[in-house]
Amino acid sequence: MRLPGWIAFWAAILGLAWAGAEVRVAAASDLQYALGEMVRAFEAKNPGVKVVVVYGSSGRLYAQLTQGLEADLFFSADGLYPRLLEARGLAEPGTRRAYAQGRVVLWLDRRLGLKPGLEALKDPRITRLAIANPVHAPYGRAAITLLERYGLLRRRPDGPLGRSFPSLSWEEIPWERLTQGVEAYWDTEPLRRGKPQFGFVYGENIAHAAQMALNATGAGLLALPLVLQGSLAEAGHHWLAPPGSHLPLEQTYVILRGRARPEVLAFQRWVESPEGRTLLRRYGFALPGE
Amino acid sequence: MPEPQFWTALRLSLEVASLASSFLLLLGIPLAWSLAFHRFPGKPLVEAVLLLPLVLPPTVLGFYLLLFLGPEGPWQRITGLTWAFRFEGLVLASVLFSLPFTLTAYREAFLALDPNLLEVARTLGVPRWRVWRHVILPLVWPGLLSGTLLAFAHTLGEFGVVLMVGGSIPGKTQMVSIYLYDLVQALRFAEAARAAFVLLLVSLAILVAVRLLERRWRAWRSTTG
Amino acid sequence: MEVHYRVRWPVRLEVGFQVRGFTVLLGKSGVGKTTLLRALAGLVPGEGRPYGGLPPERRPVGYLPQDLALFPHMTAWENVAFPLKGPGRRAKALALLARVGLEAHAHKRPSQLSGGQRQRVALARALAREPELLLLDEPTSALDPLTKGQVLGELVGLIRREGLPALAVSHDPLLAGMADWLVVMGQGVILQEGLPAEVLSSPARVEVARLLGYENLFPAQALAEGVEVAGVRLRLALPPWARPGERVWLGVRAAEVIVVRPERPPPPENVLEGVLESLHPEGLAYRGVFRGPLELQILLPRHIQERLHLRAGQGLRVVLKPRYLHLMPG
């Protein structure tokens, strides 16, 4: 009889599939190189566990998670969205933890021949600056506060946010309402001076901002992990913003409610392990508290 | 009522969509006509190339359009203009990416014409423009209209291409679809819902207006003369 | 008017013939009649005269295609006014419609008109262009078979009254009978032309005879005083071109095979004896098959059958009168 043989064969295949554990991760785009490497290293050590990662902007992933996106772990580019998940009861209590500090860089196309530094932004050839959209992207907010700190943007007391806007702290700015573009709220005169034109272009997420800087604007305020790798590293050079010079990007992860399975916890422990931290640092993240 | 920024974005979208549809009419009619009736060497290749935007995902198409329009792209080299992140670039991108839909609709409309009518019109010694005005356009305009409307709606709702080419600059290149998306990203769901509702109403009003116009035109055609 | 045309595509043809008054060009489908007409109108590439080398817009012809191609979105008068310009368009169009007897239907759409009325609208539209020559493609095809004869008669009458030369192509021998001049076309060539009575009664070739509705055609051998067909000798005067011993074709129309009435003495020559194999009514006449030394189609007018009461299976004598026997080169 051949039939039992076939049944045994398929049962074996299915059994393997069932036996293989899967960890599903939703992660901010600035993690795309670092997390890829971490996953490879983790899978090598934990045969039978497969890690699947979806990248996107933290805001989009948050919105999708609240609508039932299947994921076990959420690595946000800031602390806000994991907090919101927790507040909505969608996170496993007590699992929210900062895993890194995001760092902003000014990336410049090497062909411009400019010395890396914010002074370069005053060059008349810099007519467009790519940033992530500060309305929803943490890196965009960090970029704006960085420019503000160095006096390249000045808050307008006559803008749509009213007279009290200049006195707000970075955390108090109602970022999600800044839909009229940076120029409506900040005076860009220091960046505009002596140029035929100047304006921001807004990426849907930090990776999109990086792509625009690479392909079109020649300059962008980006995430350090992105400019250390691949074509951005080849085509340009960067200046790293000092710690504390912008709105902190307290990158935080959280396990989603009811998902603290052994393999998920294993992956979480690996991220926290010395090896995991070394990897994160190698890819351009500062560790919490550094 | 949605916030003022919504109306700015909506107006921008309507402007881009109207301009793109107008250019598509101007460009699409002769192009679709020659695809429908003329033989020329390499025609299958031309047809395939014109349909290519259908194959590419909008963000990918937008990426290549950005390279095309960017500071060192071919468009800059040919015309001296940098249209990336500009209104003009959005219009050009919308034209290119709606071209396949529009051309297909126009060509079908032309192919539905009875060729005998055109031949007889020629033998009647009438100048070409009168044949177009009195025979071709009156018979094909519903097809042209629906093709153009398709392009208009398509442009109004397009996201991927304009995201890549436009750079989401409020008041300049942030079209209503992107504005809505940004609201959702910023977790302002109530505002997003209001804006989406108004957008739906506006689109519905446009579509109904066109249908009414079409019906009135038909009624008028069948009672006069 | 002389027509000489050469066309290579879509059908290869090279023809020369006269157009005199209402001329009918008769030919089977596929021989290139429509192509010739379209070449004359300038719609397919062709060389020759008249109008060779001119674009369709500049050829003074009124072309009526087979489906007439009236503009469906225009009323009758708007169709007619289409080639006209200037302030008097409407009045001129209405006058033209009156000329074809359709003034009462000026505000109807083509879809609201009968086949014959549509044909006259198309004619009026073609006349509006003030052509030198009318071109009609299969004018019988759009017509109701019951009224075809009458409607065609009216159309031909109208065209004659306009005094315009017209070339109508058709495969319908009915139209041939109405022509002032008849041209018969074979594959890409002209087979014969002449006055209709002449061509109909004496087709020059067997292909022409077939087209013109000669039901009985036999290969034969010319003799000194007649022909021999399948062993039967028939007397007739040989035409000048025929030499005794030559192979020829003999043609006789079914309507011209005469049944010999039994009570009368038989005529002296060309009498054949046989059996009436079948007999069926066809319109108001009767069509039958006579089997004797030759097999012949016969067509009896009603008044003959009412007198003779012929039935299938009975014996029958028929006579082939020499004046109705037509010889063609073999």
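Since we're looking at a predicted model, the values are computed, not measured. (Residues numbered from 1 in each chain as written. Chains lettered and ligands numbered in written order. Predicted model: local features only at pLDDT ≥ 70, side-chain atom pairs only at ≥ 80, totals over all residues. Heavy atoms only, no water.)

## Some words on the overall build of chain B
Thought 1: Summing up its helical and strand segments, chain B has 10 helices and zero strands in all.
Thought 2: For chain B, the sequential pattern of α-helices and β-strands runs α-α-α-α-α-α-α-α-α-α.
Thought 3: When its C-alpha atoms are laid out on the principal axes, chain B stretches across 65 × 45 × 30 Å.
Thought 4: In chain B, which comprises 225 residues, the proportion classed as buried is 51%.
Thought 5: Counted over contacts in chain B with a minimum sequence separation of 6, partners at least 24 positions apart contribute 72%.
Thought 6: Taken as a whole, chain B presents about 10600 Å² of accessible surface, with 71% of it coming from carbon and sulfur.
Thought 7: Here chain B contributes 18 positively and 12 negatively charged side chains, and the mean placements of these two sets differ by 9 Å. (Helix = DSSP H or I, 4+ residues; strand = E, 2+ residues; numbered from the N terminus. Buried < 20%, exposed > 50% of the residue type's maximum accessible area, 1.4 Å probe, protein only. Contact = heavy atoms within 4.5 Å. Areas by Shrake-Rupley, 256 points an atom, 1.4 Å probe, with all protein chains shown as cover. Lys, Arg positive; Asp, Glu negative; His and termini not counted. Charge placed at Lys NZ, Arg CZ, Asp CG, Glu CD.)

## Focus: the side chain of Thr123 of chain B
Thought 1: Inspection of the secondary structure assignment puts Thr123 of chain B in helix α6 (residues 115-123).
Thought 2: Ignoring any residue separated from it by four or fewer positions in sequence, one finds Thr123 of chain B in contact with Ala41, Leu43, Pro56, Arg59, Val61, Tyr63 and Arg129 of chain C.

## Overview of the environment of Leu234 of chain C
Residue and element names in this part refer to chain C.
Thought 1: Among the structural elements, Leu234 can be located in strand β12 (residues 232-235).
Thought 2: The buried category is assigned to Leu234, whose relative accessible area is 2%.
Thought 3: Taking the C-alpha atoms as reference points, Leu234 and Arg247, separated by 13 residues in sequence, lie 15 Å from one another.
Thought 4: Apart from the residues within four sequence positions on either side, Leu234 is in contact with Glu225, Gly226, Val227, Val229, Leu250, Asn270, Leu320 and Leu325.

## Focus on the sheet that holds strand β15 (residues 271-282) of chain C
Residues and elements named next belong to chain C.
Thought 1: Sheet architecture is open: five strands sit in the order β14-β18-β15-β16-β17, paired in antiparallel fashion. The open sheet is flanked by β14 (258-259) and β17 (295-300), the only strands paired with a single partner.
Thought 2: Inspection of the sheet shows strand β16 (residues 285-291) paired to β17 by six bridges, in the antiparallel sense. Each bridged residue has a counterpart across the sheet, and for Arg291 the counterpart in β17 is Glu295. (Pairing = 2+ DSSP bridges.)

## So, the domain arrangement of chain C
All names here are of chain C.
Thought 1: Per the domain assignment, the segments of chain C are domain 1 (2-203) and domain 2 (214-330).
Thought 2: Residue-level contacts link four residues of domain 1 with four residues of domain 2.
Thought 3: Across the interface of domain 1 and domain 2, roughly 310 Å² is buried in total on both sides, 49% from carbon and sulfur atoms.
Thought 4: Sorting the residues of domain 1 by area buried against domain 2 places Leu200, Ser201 and Pro203 first, and these three jointly supply 89% of that buried surface.
Thought 5: For the pair domain 1 and domain 2, the number of links is zero salt bridges. (Domains from an automatic or database assignment. Buried area = accessible area lost by both parts, 1.4 Å probe. Salt bridge = Lys/Arg side-chain N within 4 Å of Asp/Glu carboxyl O.)

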